[in-house]
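Descriptive analysis of the structure
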Amino acid sequence: MTGPRDIAVLSNPTSGKGRGARARALTIGRLRQAGVHVRDLAGADAVESGELARAAAADGVDAVVAVGGDGLVHVAVQVLAGTGVPLGIVPAGTGNDAARALAIDPGDPAAAVDRVLAGRTRVVDLARSGATYYSTVLCAGFDAVVNERANTMTWPRGQMRYNLATVAELRTFRPLSYVLDLDGEVLRTDAMLVAVGNGPSFGGGLRITEGASLDDGLLDVVVIKPLSKLSLVRTYPKLFRGTHVTHPQYERHLVRRVTIAAPGIVTYADGERFGPLPLTVECAPGALTVLA
């Protein structure tokens, strides 16, 4: 099969501590070497990046390739959902969970470009709340509170900021009272967190919604019921392997639509600030075409 011949490369050169700039250069060079016409798009911020991608899609580009992290993929997804224009991903961010869900190795950008050149497409689901989509996981609990705290901190930079925010929140965090509407069935429960997964992981490989499929037309709603602080610390490493699913305080629900309510929580999805609770998330089956 002949791969795409006219590709818009959407990049965030500042992502991944310089990895974004290196991956952008590699991607453009490799595509041009293969005879592809490349449109080099680098927005100053998320809004401009979205506008550039939207213009390229409207102009009939064969594909849009996001070179960066989950935040840039999030921007591209808003533009490409429902259009049939394929999205390629060359992971170069901090988390890269959207790439992981498609079995794209975050450590091998050259192989990711080769996937783009191969031109094989796959149709996957997205999650949607109102008019906004996400591709990985929505966090609505302890993990979201950590993100909020980290975003108010000016020091230190990078992953250590999140580690310190986690320690700070552990000291004071109390389980929240949730009301969930799961395809019409109401569940009232206290929990440490609720996560709604389209894909299986967030935060750089934390497999909170282990088993989530990108093309089953369903969302995975995971509830972690109250844990002691010691138990939470002990369970955290299991998230990287997905082995937390055997914990007695873990619950998983497969639904087409969920409404989540809890006091004082601002949710995060694809690593981006998403919106305050309450909110409703539904599966958007087959909304996105990907090169994978």
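See the structure shown above.
Here's what I pulled together on the structure shown here. (Residues numbered from 1 in each chain as written. Predicted model: local features only at pLDDT ≥ 70, side-chain atom pairs only at ≥ 80, totals over all residues. Heavy atoms only, no water.)

Quick word on the environment of S213
Applied cut-off: Note on conventions: DSSP H or I runs of at least 4 residues are helices, E runs of at least 2 residues are strands, and numbering of each starts at the N terminus. Summary of the burial criterion: residues with accessible area below 20% of their type's maximum are buried, those above 50% are exposed, and those between are partly exposed, where the area comes from a 1.4 Å probe applied to protein chains only. We call two residues in contact when some of their heavy atoms are within 4.5 Å. The definition of a polar contact used here is a pair of N or O atoms within 3.5 Å, where within protein one atom must be able to donate a hydrogen and the other to accept one, and adjacent residues in sequence count solely through side-chain atom pairs.
Tracing the sequence through the fold places S213 in the loop between β10 (193-197) and β11 (219-224). Looking at S213, the relative accessible area reads 22%, which means it is partly exposed. Sequence spacing of S213 and A101 is 112 residues, and the spatial spacing of their C-alpha atoms is 8.6 Å. If we ignore the near neighbours within four places in the chain, the residues touching S213 are N198, L218 and D220. Side chain to side chain, S213 and D215 meet in a polar contact 2.9 Å long.

Some details on the nonpolar core
Rules: What we call a nonpolar core is a set of buried Ala, Val, Leu, Ile, Met, Phe, Trp, Tyr and Cys residues that are connected through their side-chain atoms within 4.5 Å.
Counting 49 residues, the largest nonpolar core has L138, V196, I208, V258, I260 and V281 as its most contacted members. Among residues more than four places away in sequence, those in contact with L138 are V194, A195, V196, I260, T267, Y268, A269, F274, L279 and V281. Core analysis: the next-biggest nonpolar cluster, separate from the first, contains 47 residues, V36, V67, V116 and L214 among them.

Comments concerning the environment of D108
Of note, D108 is situated in the loop between α4 (97-101) and α5 (109-118). A residue is classified by how much of its surface remains accessible, and D108, at 31% relative accessible area, is partly exposed. For the pair D108 and C139, spaced 31 residues apart in the sequence, the C-alpha separation amounts to 28 Å.

Regarding the pattern of salt bridges
The condition is simple: Here, a salt bridge means any Lys or Arg side-chain nitrogen found within 4 Å of an Asp or Glu carboxyl oxygen.
Within this structure, the stated rule accounts for 13 salt bridges. For R24, the salt bridge goes to D40, with nearest N and O atoms at 2.6 Å. Here D40 lies in strand β2 (residues 37-41) and R24 lies in helix α1 (residues 19-33), a separation of 16 residues in the sequence. By relative accessible area, R24 is classed as partly exposed at 25%. One continuous salt-bridge network, built from bridges that share partners, spans D6, R39 and D59.

So, the side chain of T235
Positionally, T235 belongs in helix α8 (residues 229-235). For T235, a relative accessible area of 12% translates into the label buried. Among residues more than four places away in sequence, those in contact with T235 are H244 and H247.

Focus: α5
Going by this rule: Arc definition: it is the arc formed by the directions from the helix axis to the C-beta atoms.
Taken together, the buried positions of α5 are A110, A112, V113 and V116. Within α5, the buried residues cover an arc of 160 degrees as seen down the axis, which keeps them to one side. Taken together, the buried residues of α5 touch β1 (6-11), α1, β3 (63-68), β4 (87-91) and β16 (279-291). Two residues or fewer after α5 comes G119, characterised by a positive phi angle close to 75 degrees.

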